[in-house]
Amino acid sequence: MTVRLSVQLEQARLMSPDEALPRLDDIVELARSKEYLPIATFAAALRLDAWRVAGQLENLAREVDEVEVAARRHRAPHPYLPEMLLVCARAHAAVGRAQDAERCVGDGLQWIHVIAWPHVPEVYRAGFAQHNPVNTMLQAEAARRASAQGDSSTITGA
């Protein structure tokens, strides 16, 4: 069942928010009922992003904190924690919680540098730092936020 739910999550990523939201609701509910908490959390994070894109800010404001806590608690090799923290950062920013967004971006980058980086073989480090889409999006988000604050420090690869 976990494989089927994971496939459904990947399919939902390719859908418009209007198409994805009912499917994500179902996946969250089923995964929680079966106590597949990492999958439920990832589905909830994808649902946050769909709500953000659809402009459903009241849903974001209501659930982003719960999803962020669950993302930090219910991890497995998949989903990738920095991806869920990036989604939470964007959700926090969309509802005007800049400090919470900053924390999520910073924590995502810290996880990449402190937890993941030491385990990446030397031959793969350039790709991990510069080509992994989540890592590059987090770095770009951090650079954008630093620029908006007038911080001239640069964000470099891990």
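Whatever comes next refers back to the structure up there.
For clarity, every value in this text was computed on a predicted model and none was experimentally measured.

**Quick notes on the overall build of the protein chain**
Of the regular secondary structure elements, the protein chain holds eight helices and zero strands. N-terminal to C-terminal, the α/β element order of the protein chain is α-α-α-α-α-α-α-α. Its C-alpha radius of gyration of 16 Å places the protein chain within 12% of the 15 Å reference for a compact globule of 158 residues. Out of the 158 residues in the protein chain, the part that is buried amounts to 40%. Split by element, the accessible area of the protein chain, about 8,400 Å² in all, is 53% carbon and sulfur. Side chains of the protein chain give 17 positive and 20 negative charges; the mean places of these two sets differ by 3 Å.

**Concerning the nonpolar core**
If you look at the biggest cluster of nonpolar residues, it comprises 46 residues, and the most contacted ones within it are Leu-9, Leu-24, Leu-48, Ile-112 and Phe-128. When residues of this core are traced back to their parent elements, those giving at least two are α1 (2-13), α2 (17-33), α3 (37-54), α4 (57-73), α5 (81-94), α6 (98-116), α7 (125-130) and α8 (133-148). In terms of residue count, α3 provides more of this core than any other element does, 10 residues in total. Beyond its immediate stretch of four places on either side in the chain, Leu-9 contacts Leu-24, Ile-27, Ile-39, Phe-42, Ala-43 and Leu-46.

**Quick notes on the packing of α5 against α8**
Taken N-terminus to C-terminus, the directions of α5 and α8 make an angle of 35°; their axes are 9 Å apart at the nearest point. Considering the relative orientation of α5 and α8, their crossing is left-handed. Between α5, through Pro-82, Glu-83, Leu-86, Ala-89, Arg-90 and Ala-93, and α8, the contact on the second element is made entirely by Val-134, Met-137, Leu-138, Glu-141 and Arg-145. Tallied by class, residues from the contact of α5 with α8 come to seven nonpolar, no polar and four charged.

**A closer look at the layout of surface pockets**
To locate leftover empty space, one rolls a probe as large as a water molecule over the atoms. Estimated volume of the largest pocket: approximately 310 Å³. If you go around the largest pocket, you meet 17 residues; those closest to its centre are Arg-13, Leu-46, Asp-49, Ala-50 and Val-87. Contributing elements (two or more residues each) for the lining of the largest pocket: α1, α2, α3, α5 and α8.

**Comments concerning the environment of Leu-57**
With respect to the helices and strands, Leu-57 occurs in helix α4. For Leu-57, a relative accessible area of 36% corresponds to the partly exposed category. With 37 residues separating them in the primary sequence, Leu-57 and Ala-94 have C-alpha atoms 7.1 Å apart.

**A few points about the packing of α3 against α4**
Here α3 crosses α4 at 150°, and the two axes come no closer than 10 Å. Comparing the axis directions of α3 and α4 gives the class roughly antiparallel. You can see that α3 and α4 cross each other, and the crossing is left-handed. Residues Thr-41, Ala-44, Ala-45, Arg-47, Leu-48, Trp-51 and Arg-52 of α3 touch α4, and the partners they reach there are Asn-59, Leu-60, Arg-62, Glu-63, Val-64, Val-67, Ala-70 and Ala-71. Its residues assigned to classes, the contact of α3 with α4 comprises nine nonpolar, two polar and four charged.

Rules of the game
- Residues numbered from 1 in each chain as written.
- Predicted model: local features only at pLDDT ≥ 70, side-chain atom pairs only at ≥ 80, totals over all residues.
- Heavy atoms only, no water.
- Helix = DSSP H or I, 4+ residues; strand = E, 2+ residues; numbered from the N terminus.
- Rg over C-alpha atoms; globule rule 2.2 N^0.38 Å.
- Buried < 20%, exposed > 50% of the residue type's maximum accessible area, 1.4 Å probe, protein only.
- Areas by Shrake-Rupley, 256 points an atom, 1.4 Å probe, with all protein chains shown as cover.
- Lys, Arg positive; Asp, Glu negative; His and termini not counted.
- Charge placed at Lys NZ, Arg CZ, Asp CG, Glu CD.
- Core = buried A, V, L, I, M, F, W, Y, C linked by side-chain atoms within 4.5 Å.
- Contact = heavy atoms within 4.5 Å.
- Axes fitted to C-alpha atoms, helices over the stretch in contact; angles between N-to-C directions.
- Left-handed = near helix turned anticlockwise from the far one by under 90°.
- Nonpolar A, V, L, I, M, F, W, Y, C, P; charged D, E, K, R; others polar.
- 1 Å grid on protein atoms, 1.4 Å probe; cavity = no way out; pocket = protein on both sides within 12 Å on 5 of 7 lines; lining within 4 Å.
- Points joined across faces, edges and corners; volume = space filled by probe spheres on them.
- Parallel < 35°, antiparallel > 145°, perpendicular 65-115°, else oblique.

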